[in-house]
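Examining the three-dimensional arrangement
Spelled out from the first residue to the last, the chains are:
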Amino acid sequence: MALLSRRSLSYGLLLLVSQFLFRVHGLSKESLLGRNNFQQPDENIDITISYMDASGKFQTHKVNSNTLSSSWVWESPVDANQKQLVVGQLQEGSSEQTVNGSRESTQLSIEYNQQSRTIDPIKLRRQKLRDERREKRIAELIHMSKETELQMQKVAIEHAKEFNNTRRAWYSIWRKEYINPHSDTTLKLMRDQKIMAKVYASVAYSTGERDLYNSLTRHIKEIRRGIGDANSDSELQESALEQAKAMGHALSLARDKRLDGDVTARKLRTMLQSLEENINTVKKHSTFLVQHAAKTMPKPVHCLSLRLTTDYFLHNHINKETLEKGKLEDPSLYHYAIFSDNVLAASVVVNSTVLHAKEPEKHVFHIVTDKLNFAAMKMWFIAHPPLPATIHVENIDEFKWLNSSYCSVLRQLESARIKEYYFKANHPSSLSVGNENLKYRNPKYLSMLNHLRFYMPEVYPKLDKILFLDDDIVVQKDLTPLWSIDMKGMVNGAVETCKESFHRFDTYLNFSNPLISQNFDPQACGWAFGMNIFDLKEWKKRNITGIYHYWQDLNEDRMLWKLGSLPPGLITFYNLTYPLDRSWHVLGLGYDPAVNPLEIENAAVIHYNGNYKPWLDLAFTKYQPYWSKFVDVDNPYIQDCYSNQ
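Treat the numbers as computed from the prediction; the structure is a model and nothing was measured.

So, the overall build of the protein chain
- Regarding its fold elements, the protein chain presents 25 helices and 14 strands.
- For the protein chain, with 645 residues in total, the buried portion stands at 42%.
- Long-range pairs, those at least 24 residues apart, make up 74% of the contacts in the protein chain between residues at least 6 apart in sequence.
- With the model as given, the accessible surface of the protein chain reaches about 37700 Å², and the carbon-plus-sulfur share is 51%.

Next up, the structure:
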């Protein structure tokens, strides 16, 4: 018997009705059962297909075998099980009988669709190949030599030794190892129990409940020992959980005593007030220590300055400087201004800028430092010139025009009032009094290097544009496109720092003073010093330095703003600042542990503004690599100073 099937065809179709099965081929019932007698039908055969449509009606359709695609194959419809089923239904002598009725043929098709399965030649070949490989492998193992068998055993043993199953415990929530090592649920519970036990013990003592008082006191000591120095549940002692249960029982007994609620409430308020006072004291001490660490020069940096100064004078470099003076005043080049007393920090700014510059030979760095660090700064760049760029180091004390008769802030810094503000321990801003503005007592506010940025045309009279860089920044891209930005007549190009209500003018200026409230918008957006492109032509035209002097004189009593250079900068460049794209200058690496890493990677300049400078031990370790990769750790000066700290 021949059946036509398609691999994707549903068995719901009833194929090969009686006209095709019996009249065309004259097949007997016995031939239906003989899989081995199956013959491939001739071509050009008319095939009648009967089936039930979706509505349940019986339908027939005729096709010719020549019209079928190659995916249709001829197959025998029965297997051994079918053979037994059909034979059981046939009586003796029926092997020679011819099937004539459509009823029998339809029944046969139904039996086929219910019991038969299509035999896929490809699957048969795969099965045959698997059997052959299995037999081949068995034969190899049977005839394997003793030496080969021992070698395989040895390899298996070594592989088993290397297998690491320590992580399997983490897949079972019932294992101790599965516990989150950073969880502190039990620790918090025990601390809360200790606080409540102290309250109940105090109330019990005042009401004469000595037994309860002694019980709670004993449990408090046990809880304290159980907690120890733990910061998470994993660091607690093994008996901690039992201690927490015992304390819970003791607290339950205390609640059952129905101690006076008013007394308990008063005791809690007293404890809360005491705790708040302790927290404020700790905060003030913490602020003082951070400010102290931030303004203290680390020993290796101080050592570096001393070593460089010694070599500068020892090798008589005073008269050996050779400069291309034409480049220093050439307005067609890219000029940078860096005002710093930190040799290592200034070197990182220069190195990172030159490394990313597309035409470093066109870049000129103007570094201004103080008299104390002048020799060290000069010596560093004599020994490590940032070729092919040009660098010029100057001493601010040699600017004869910068004196107290011309400079308002210099006159104020020399006043007795400012000296008292900084050096008198009983001043209202001292730690003992507890003023929160300790940061304004940083000595950097006494340095004219911090205010020299308001005198750019006086320092560089021949230049048209200059890029100001702080010494706590790192350059990550070529900065030359800043010189080609159209600033629309503005003087200062800077990145704005306002986010929602933060870093707006009312954050920095005293708007309770009418001089401020009548002249400035409290919601005006603040911006950042650290990377600023200054148009010196517009600066001179608008007399920016004169505006700065005017407001600085008005703030002699510091009633308009506290000390620092940003508040007077916001005032001086009010409505004269062009906002740069934020990607030019990303801030916060010196105080914010959550700066977006993607913003850091895409920034042209990253700024460590804040107390956590990258050269201090206070620095955030995750931000330090951006800075430290520009420090030459193989430099003999750095090796000597940092290895002997």
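Remarks on helix H25 (residues 636-643)
- Residues of H25 that are buried: Tyr 637, Ile 638 and Cys 641. When H25 is viewed along its axis, its buried side chains cluster within an angular range of 90° and face the same direction. Summarising the geometry of H25, the exposed residues directed more than 90 degrees from the buried face are Pro 636 and Ser 643.
- By the N-cap criterion, in which a side-chain oxygen at the helix start approaches the backbone nitrogen of a residue two or three places on, H25 is capped by Asn 635, the distance to Tyr 637 being 2.9 Å.

Re the sheet that holds strand E14 (residues 605-607)
- Overall, mixed pairing links the 3 strands, which are arranged E9-E14-E13 in an open sheet. Of all the strands in the sheet, the pair left with one neighbour each is strand E9 (473-475) and strand E13 (585-586).

Overview of the side chain of His 363
- Relative to the assigned elements, His 363 resides in strand E6 (residues 363-369).
- On the basis of relative accessibility, which here comes to 1%, the residue His 363 falls in the buried class.
- Looking at His 363, its side chain comes within polar contact range of the side chain of Tyr 336, at 2.8 Å.
- Excluding its chain neighbours within four sequence positions, the residues that come into contact with His 363 are Tyr 334, Tyr 336, Ala 357, Ala 389, Thr 390, Asp 478 and Thr 480.

What to know about the sheet that holds strand E7 (residues 390-395)
- The sheet built from 7 strands is open, its strands ordered E7-E6-E5-E8-E11-E10-E12 with mixed pairing. The sheet is open, and its two borders are formed by E7 and strand E12 (577-579), each paired with just one other strand. Each strand axis lies, on average, 25° off the axis of its neighbour in the sheet, ignoring direction.
- Contacts from helix H14 (residues 374-383) reach E6 and E7 within the one sheet, and its direction differs from that of E7 by about 170°.

Description of the environment of Gly 588
- Within the secondary structure layout, Gly 588 lies in the loop between E13 and helix H23 (597-602).
- As for Gly 588 and Ile 606, which are separated by 18 residues in sequence, their C-alpha atoms are 8.3 Å apart.

A look at the confidence of the model for the protein chain
- On average, the protein chain scores 78 in pLDDT, and the residues at 70 or more come to 72%.
- Counting interchain partners and residues more than four positions distant, the pLDDT-below-50 stretch residues 1-39 has 110 contacts.

A short note on a nonpolar patch on the surface
- Side chains of Leu 515, Tyr 550 and Leu 554 sit close together on the surface and give an oily, nonpolar patch of about 260 Å² of accessible area.
- Position of Tyr 550 relative to the elements: it lies in helix H21 (residues 544-554).

Points about unusual backbone geometry
- In the segment running from Leu 387 into Pro 388, the intervening peptide bond is cis, with an omega of 5°.
- Considering the arrangement of structural elements, one finds Pro 388 in the loop between H14 and E7.
- Even without being glycine, Asn 543 reaches a positive phi, approximately 55°.
- Mapped onto the secondary structure, Asn 543 falls in the loop between helix H20 (536-542) and H21.

What to know about the pairing of strand E5 (residues 334-339)
- Among the 6 residues of E5, 6 are classified as buried, and the element is accordingly described as predominantly covered.
- Side chains of E5 alternate between two faces, with Tyr 334, Tyr 336 and Ile 338 and His 335, Ala 337 and Phe 339 buried alike.
- The pairing of E5 with E6 spans 6 bridges and is classified as parallel. In the sheet register, His 335 faces E6, and the bridge partner there is Val 364.

Points about the state of the cysteines
- By the definition in use, this model includes 2 disulfides.
- The partner cysteine of Cys 303 in its disulfide is Cys 641, sulfur to sulfur 2.2 Å. Here Cys 303 and Cys 641 share a disulfide; its torsion about the S-S bond, -75°, makes the bridge left-handed. A residue pair is termed long-range when its members are at least 10 positions apart, and Cys 303 in helix H11 (residues 299-314) and Cys 641 in helix H25 qualify at 338 residues.
- Here Cys 498 pairs with Cys 525 through a disulfide, and the sulfurs are 1.7 Å apart. Between Cys 498 and Cys 525, the S-S torsion sits near -100°, and that sign places the bridge as left-handed. Within this pair, whereas Cys 498 is found in the loop between strand E10 (492-494) and helix H18 (505-508), its partner Cys 525 is found in the loop between helix H19 (514-517) and strand E11 (531-535), the two being separated by 27 residues in sequence. The pair formed by Cys 498 and Cys 525 is uniform in burial state, with each residue classed as buried.
- What links to what in the protein chain: the bonded cysteines, counted in sequence order, pair as 1-4, 2-3.

Side note on the pairing of E11
- The buried fraction of E11 amounts to 5 of the 5 residues, a majority that puts the element mostly inside the structure.
- Bridge count between strand E8 (residues 465-469) and E11: 5 bridges; the pairing is antiparallel. Bridge assignment links Leu 469 to a residue of E11, and that residue is Met 531.

Focus on the environment of Asp 506
- By secondary structure assignment, the location of Asp 506 is in helix H18.
- Classification of Asp 506 as partly exposed rests on a relative accessible area of 37%.
- On a C-alpha basis, the gap between Asp 506 and Asp 521 in space is 8.1 Å, while along the polypeptide they are 15 residues apart.
- In contact with Asp 506, other than residues within four places in its own chain, are Phe 511, Pro 522 and Gln 523.
- Engagement of the side chain of Asp 506 in a polar contact is seen with the side chain of Gln 523, the distance being 3.5 Å.

Digging into the packing of aromatic side chains
- For the structure shown, the criterion picks out 27 aromatic pairs.
- On the numbers, 5.0 Å between centres and 55° between planes, the contact of Tyr 205 with Tyr 213 is tilted.
- Overall, the relative accessible area of 27% leaves Tyr 213 in the partly exposed class.
- When the centroid spacing of 5.8 Å and the interplanar angle of 15° are considered together, the rings of Phe 399 and Trp 401 count as stacked.
- Residue classification places Trp 401 among the partly exposed positions, given a relative accessible area of 27%.
- The cationic tip of Arg 453 hangs over the ring face of Phe 529; the distance from NZ or CZ to the ring centre is 4.7 Å.

So, the environment of Ser 512
- With respect to the secondary-structure elements, Ser 512 resides in the loop between H18 and H19.
- On the basis of relative accessibility, which here comes to 65%, the residue Ser 512 falls in the exposed class.
- As for Ser 512 and Leu 560, which are separated by 48 residues in sequence, their C-alpha atoms are 8.8 Å apart.
- Engagement of the side chain of Ser 512 in a polar contact is seen with the side chain of Asn 510, the distance being 2.4 Å.

Focus: the nonpolar core
- Membership of the largest hydrophobic core comes to 62 residues, with the highest contact counts inside it found for Leu 467, Leu 479, Leu 482 and Trp 584.
- For this core, the element with the highest residue contribution is helix H13 (residues 343-356), accounting for 8 residues.
- The contacts of Leu 479, once residues within four sequence positions are left out, are Tyr 336, Leu 467, Trp 584, Ala 604 and Val 605.
- Core analysis: the second largest hydrophobic core is formed by 43 residues, Phe 339, Leu 402, Phe 511 and Leu 536 among them.

Criteria and cut-off values
- Residues numbered from 1 in each chain as written.
- Predicted model: local features only at pLDDT ≥ 70, side-chain atom pairs only at ≥ 80, totals over all residues.
- Heavy atoms only, no water.
- Helix = DSSP H or I, 4+ residues; strand = E, 2+ residues; numbered from the N terminus.
- Buried < 20%, exposed > 50% of the residue type's maximum accessible area, 1.4 Å probe, protein only.
- Contact = heavy atoms within 4.5 Å.
- Areas by Shrake-Rupley, 256 points an atom, 1.4 Å probe, with all protein chains shown as cover.
- Arc of directions from axis to C-beta.
- Polar contact = N/O pair within 3.5 Å; in protein donor to acceptor, adjacent residues only side chain to side chain.
- Pairing = 2+ DSSP bridges.
- Axes fitted to C-alpha atoms, helices over the stretch in contact; angles between N-to-C directions.
- pLDDT = per-residue confidence, 0-100.
- Patch = residues over 30% accessible without salt bridge, like charges linked within 9 Å, V, L, I, M, F, W, Y side chains within 5 Å.
- Salt bridge = Lys/Arg side-chain N within 4 Å of Asp/Glu carboxyl O.
- Disulfide = S-S within 2.5 Å.
- Phe/Tyr/Trp six-rings, centres within 6.5 Å; stacked < 30°, edge-to-face > 60°.
- Lys NZ or Arg CZ within 6 Å of the ring centre and 35° of its normal.
- Core = buried A, V, L, I, M, F, W, Y, C linked by side-chain atoms within 4.5 Å.

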